[in-house]
Amino acid sequence: DSGSQPVEFYANQVGFLPQQQKHIVITTSQALSYRVTNTASGQVILEGTTSSPNYWPLADQTVAIADVSSIATPGLYRLSVGDNDYTTFRISAQRVSALHDAAIKAYYYNRSGMALDPAFAGKWHREAGHPDTQVINLNQPQVSLASPQGWYDAGDYNKYIVNSGISTYTLMRAYLDFPDFYAQRRWNIPESTNNQPDLLDEVSWNLDWMLTMQDSDGGVFHKLTTLNFAPAVMPAEATEQRYVVAKGTAATLNFAAVMATAARVYPQQQSNFLAAAKKAWQWALENPQVAYKNAEIVKTGEYGDSSFNDEFAWAASELFVTTGEQDYLIEAQRYLGSPSTPGWSDTMGLAYLSLLSEQGQNALPAERYQALKTRFLDYADALVETSQASPFRTAMTANDFVWGSNGVAMNHAMVLASAYRMSNNPDYRHTFTGLVDYVLGKNPVDYSYVTGFGETSPRFIHHRQSHADDIAEPVPGFLVGGAQNGQQDNCQYSASLPATSYKDNWCSYSTNEVTINWNAPLVYSLAAMLTLTK
Ligand code: G3I
Ligand code: 9MR
């Protein structure tokens, strides 16, 4: 009898969509029989046996899978094993929808230079901070510039181009791929009453800032920052002098890619965005190897990167898709390498996403498009295989458990959702929804890693506003970095394996900070689920 050994359940704590694959992980060293009860009727509606258990070394756990996919009616269910052990799970498109809106609303809460009004921010209202109207150029201290707006990067208050760029692109990618989903969607931000989709209003807030970071010669400053990280105070109290630092090749190409994309997304501003993109591209051609390094006195995030082929490939691809000019295609082909999962320092996958989008397909010769698609789907196939072989049914390997592992998971999900859009192969869909389940609770620490969503979700995030306000709940809708065992901070961790080294504490900036670049692929993945999982 299976009741003798207590088990633990790891399940999506927020809600499954009715039609998605639904796997619940159970800790056990033998296959178990289980039953599912509809809590409303009290009726047993499904009986089954788990898969045979497998050991996951990244968590030191042996687990089996209960597949409850056949249940597709919205409701609250109880999954039971033996006489005493059970968990509940929900099927609710509404909850997934609410989660999506919170994940994008998080950007509003991280706006620099804007007071958050109670009408939009509720109990998380706050004063404006960081007007950034008098920012000093660190290399030319007599020069100051205005560089207002934008989003704070993370739990800190600085604004970094490369990370802003991938976040902004990812949100625009969501808009371009799911235009009908976003056309009427609103989540109560100050611009919600205008006639533009809220997503475009939110992205504009950051694009306006990014434009100010371009110098007159076309080069782009790597970041806007204080010299040291601010203490954990509210934005309005973090008043140290801010600087723009050196220009660099990565920031400039990243900017070029984002502005070339924006030229497609905002037709009324096309010429302005495209001119900025071309000027940046030109600067990068003349300065192809300028790696950014923090000067000795600058202690904030470096976002250092010294390999630029991926940024060249990405910027050239965006310029090609926007203009159709063959010269850009030649450049894109020169730099294009193998597809990979995007991240702030690796933008090769973004070039693929754009070249393989509807607009990319229209611009590319058919054979070229097919060849790129084959390479991209081969990469997605490898993620599917990883997931199917994984005891937790999640496409995460040891290499993925880096600082921001949950961001890696969501970027894998974005790649897979895109593969699904191109091919209709359901394996891609199952693999990407399985990754969303992973961040929402189907993981060995049993956390739903998004603030405000799920039974056990982070409360003590490394987010200065959430730490300094007097509100018990953290700002909602933020995905934390997640498990990884680098332990680069001085927290005491109770576990040390890649998939279990996580701590819900302010001290854990290496696992419990939040960032705009981790939330963006979460937003994308949820929009993809709500659109594609019908
Ligand atoms: O490049 C090496 C690679 O060669 C090696 O195999 C791998 C093994 O761990 O490490 C790689 O370097 C990592 C680097 O990111 C690039 O991925 C470092 O270990 C890792 O510590 C580093 O983490 C970055 C962290 O800043 C520290 O610099 C995160 O990616 C990045 O998301 C994070 O970003 C911070 C900003 O600096 C400041 N704002 C908050 C934000 C989130 O915490
Ligand atoms: O608070 C900082 C966080 O936002 C960064 O991501 C992190 C990594 O660069 O650094 C944090 O600041 C810490 C600093 O690096 C070392 N002293 C403790 C700071 C956190 O309180």
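Predicted model only: the values in this text are computed from it and were never measured.

## Here's the deal with the overall build of the protein chain
Here comes step 1: When helices and strands are counted, the protein chain shows 16 helices and 13 strands.
Here comes step 2: Over its C-alpha atoms the protein chain spans a radius of gyration of 23 Å, differing by no more than 12% from the 24 Å that the globule rule assigns to 534 residues.
Here comes step 3: The C-alpha extent of the protein chain, read off along each of the three principal axes, is 75 × 60 × 45 Å.
Here comes step 4: Burial statistics for the protein chain: of 534 residues in total, 54% are counted as buried.
Here comes step 5: When contacts within the protein chain are restricted to residue pairs at least 6 apart in sequence, long-range pairs at least 24 apart make up 69% of them.

## Quick notes on the environment of Tyr 420
Here comes step 1: With respect to the helices and strands, the residue Tyr 420 is situated in helix α13 (residues 405-423).
Here comes step 2: On the neighbour-count criterion, Tyr 420 (22 C-beta atoms within 10 Å) is buried.
Here comes step 3: For the pair formed by Tyr 420 and Asn 512, sequence separation is 92 residues and the distance between their alpha carbons is 31 Å.
Here comes step 4: Excluding residues that lie within four positions of it along the chain, Tyr 420 makes contacts with Asn 425, Tyr 428, Arg 429, Phe 432 and Leu 532.

## Section: the site of ligand 2
Here comes step 1: Taken together, Ala 154, Gly 155, Asp 156, Phe 229, Gly 301, Tyr 509 and Glu 513 make up the full set of residues near ligand 2.
Here comes step 2: Grouping the constituent residues of the shell around ligand 2 by class yields three nonpolar, two polar and two charged.

## Considerations on the sheet that holds strand β12 (residues 223-225)
Here comes step 1: Strand order in the open sheet made by the five strands is β10-β9-β13-β12-β11, with mixed pairing throughout. In this open sheet, the two strands that pair with only one neighbour each are β10 (140-145) and β11 (159-160).
Here comes step 2: One ladder, built from two bridges, connects strand β9 (residues 135-137) with strand β13 (residues 243-244); its direction is parallel. By the bridge assignment, Ile 136 is partnered in β13 with Tyr 243.

## Considering the nonpolar core
Here comes step 1: Core analysis: the largest hydrophobic core is formed by 160 residues, its most contacted members being Ile 26, Ala 256, Met 259, Ala 277, Ala 280, Leu 416 and Val 523.
Here comes step 2: For this core, the element with the highest residue contribution is helix α6 (residues 249-265), accounting for 12 residues.
Here comes step 3: Lining this core are residues from two domains, each supplying at least three of them: domain 1 (2-94) and domain 2 (113-148 + 158-342).

## Description of the sheet that holds strand β5 (residues 54-56)
Here comes step 1: Taken in spatial order, the four strands of this open sheet run β1-β2-β6-β5, and their pairing is antiparallel. Looking at which strands have only one partner, the edges of the open sheet turn out to be β1 (9-10) and β5.

## Some points on the domain arrangement of the protein chain
Here comes step 1: With domains assigned, the protein chain is organised as domain 1 (2-94) and domain 2 (113-148 + 158-342).
Here comes step 2: Computed from C-alpha atoms alone, the centre-to-centre distance between domain 1 and domain 2 is 43 Å.

## Re the site of ligand 1
Here comes step 1: The immediate surroundings of ligand 1 are formed by 15 residues, with Ala 154, Asp 156, Gly 301, Trp 403 and Glu 513 found nearest.
Here comes step 2: Grouping the amino acids of the shell around ligand 1 by side-chain chemistry returns five nonpolar, six polar and four charged.

## Some remarks on helix α7 (residues 270-286)
Here comes step 1: When the terminal C-alpha atoms of α7 are compared, their 25 Å separation across 17 residues agrees well with the 24 Å that a helix rising 1.5 Å per residue should span.
Here comes step 2: Considered for burial, the residues of α7 that qualify are Phe 273, Ala 276, Ala 277, Lys 279, Ala 280, Trp 281, Trp 283 and Ala 284.
Here comes step 3: Buried residues in α7 make contact with α5 (198-212), α6 and α8 (309-323).

## Remarks on the packing of α13 against helix α16 (residues 516-532)
Here comes step 1: Two elements in contact, α13 and α16, have axes whose closest approach is 8 Å; the angle formed by their N-to-C orientations is 35 degrees. Seen from above, α13 lies across α16 with left-handed handedness. Contacts between α13 and α16 involve Asn 406, Gly 407, Met 410, Asn 411, Ala 413, Met 414, Ala 417, Tyr 420 and Arg 421 on the former and, on the latter, Asn 517, Trp 518, Pro 521, Leu 522, Tyr 524, Ser 525, Ala 528 and Leu 532.
Here comes step 2: In the contact of α13 with α16, the residues fall into 11 nonpolar, five polar and one charged.

## Observations regarding helix α14 (residues 426-439)
Here comes step 1: Compared with an ideal rise of 1.5 Å per residue, which puts 14 residues at 20 Å, α14 spans 20 Å between its outermost C-alpha atoms and is within 8% of the ideal.
Here comes step 2: Counting buried positions along α14 gives 12 out of 14 residues, so the element sits mostly inside the fold.
Here comes step 3: Buried residues along α14 sit in contact with β2 (23-27), α12 (366-389), α13 and α16.
Here comes step 4: At the C-terminal side of α14, Gly 441 shows a positive phi close to 140 degrees.

## Points about the packing of α8 against helix α9 (residues 326-335)
Axes are the key here: two packed helices are described by the angle between their axes and the distance separating the axes.
Here comes step 1: For the pair α8 and α9, the least separation of the axes is 8 Å and the interaxial angle reads 155 degrees. It follows that α8 is roughly antiparallel to α9 by the angle criterion. You can see that α8 and α9 cross each other, and the crossing is left-handed. Here α8 contributes Asn 309, Phe 312, Ala 313, Ala 316, Ser 317, Leu 319, Phe 320 and Thr 323 to the contact with α9, which in turn contributes Tyr 328, Leu 329, Glu 331, Ala 332 and Tyr 335.
Here comes step 2: Considering only residue class, the contact of α8 with α9 consists of nine nonpolar, three polar and one charged.

## A short note on the environment of Ala 102
Here comes step 1: Take Ala 102: it is sitting in helix α1 (residues 93-109).
Here comes step 2: Residue classification places Ala 102 among the buried residues on the basis of 23 C-beta atoms within 10 Å.
Here comes step 3: Beyond its immediate stretch of four places on either side in the chain, Ala 102 contacts Gly 452, Phe 453, Pro 476 and Gly 477.

## A look at unusual backbone geometry
Here comes step 1: Within the chain, Asp 60 stands out as a residue other than glycine whose phi angle is a positive 50 degrees.
Here comes step 2: Within the fold, Asp 60 resides in the loop between β5 and β6 (61-67).
Here comes step 3: One non-glycine residue with positive phi stands out, namely Asp 132, at about 55 degrees.
Here comes step 4: Of the residues examined, Asp 132 has 20 C-beta atoms within 10 Å and is grouped as buried.

## Description of the pairing of strand β8 (residues 85-91)
Here comes step 1: Taken together, the seven bridges between strand β7 (residues 75-81) and β8 define a ladder with antiparallel strand orientation. Opposite Val 81, over in β8, you have Asp 85 as the bridge partner.
Here comes step 2: The hairpin turn running from β7 into β8, its antiparallel successor, is three residues long, and Gly 82 in that turn takes a positive phi close to 65 degrees.

## Considerations on the pairing of β6
For a regular strand, side-chain orientation follows a simple rule: the groups alternate between the two sheet faces.
Here comes step 1: Extensive coverage of β6 is indicated by the burial of five of its seven residues.
Here comes step 2: In this sheet, β6 lies alongside β5 in antiparallel orientation, the contact comprising three bridges. Across the sheet, residue Trp 56 finds its bridge partner in β6, namely Gln 61.
Here comes step 3: Counting the residues in the hairpin turn of β5 and β6 gives four residues, including Asp 60, whose phi is positive at 50 degrees.

Thresholds, definitions, all that
Residues numbered from 1 in each chain as written. Chains lettered and ligands numbered in written order. Predicted model: local features only at pLDDT ≥ 70, side-chain atom pairs only at ≥ 80, totals over all residues. Helix = DSSP H or I, 4+ residues; strand = E, 2+ residues; numbered from the N terminus. Rg over C-alpha atoms; globule rule 2.2 N^0.38 Å. Buried ≥ 20, exposed ≤ 12 C-beta atoms within 10 Å, placed from the backbone. Contact = placed C-beta atoms within 7 Å. Near = placed C-beta within 6 Å. Nonpolar A, V, L, I, M, F, W, Y, C, P; charged D, E, K, R; others polar. Pairing = 2+ DSSP bridges. Core = buried A, V, L, I, M, F, W, Y, C linked by C-beta atoms within 7 Å. Domains from an automatic or database assignment. Expected span 1.5 Å × (residues − 1). Axes fitted to C-alpha atoms, helices over the stretch in contact; angles between N-to-C directions. Left-handed = near helix turned anticlockwise from the far one by under 90°. Parallel < 35°, antiparallel > 145°, perpendicular 65-115°, else oblique.

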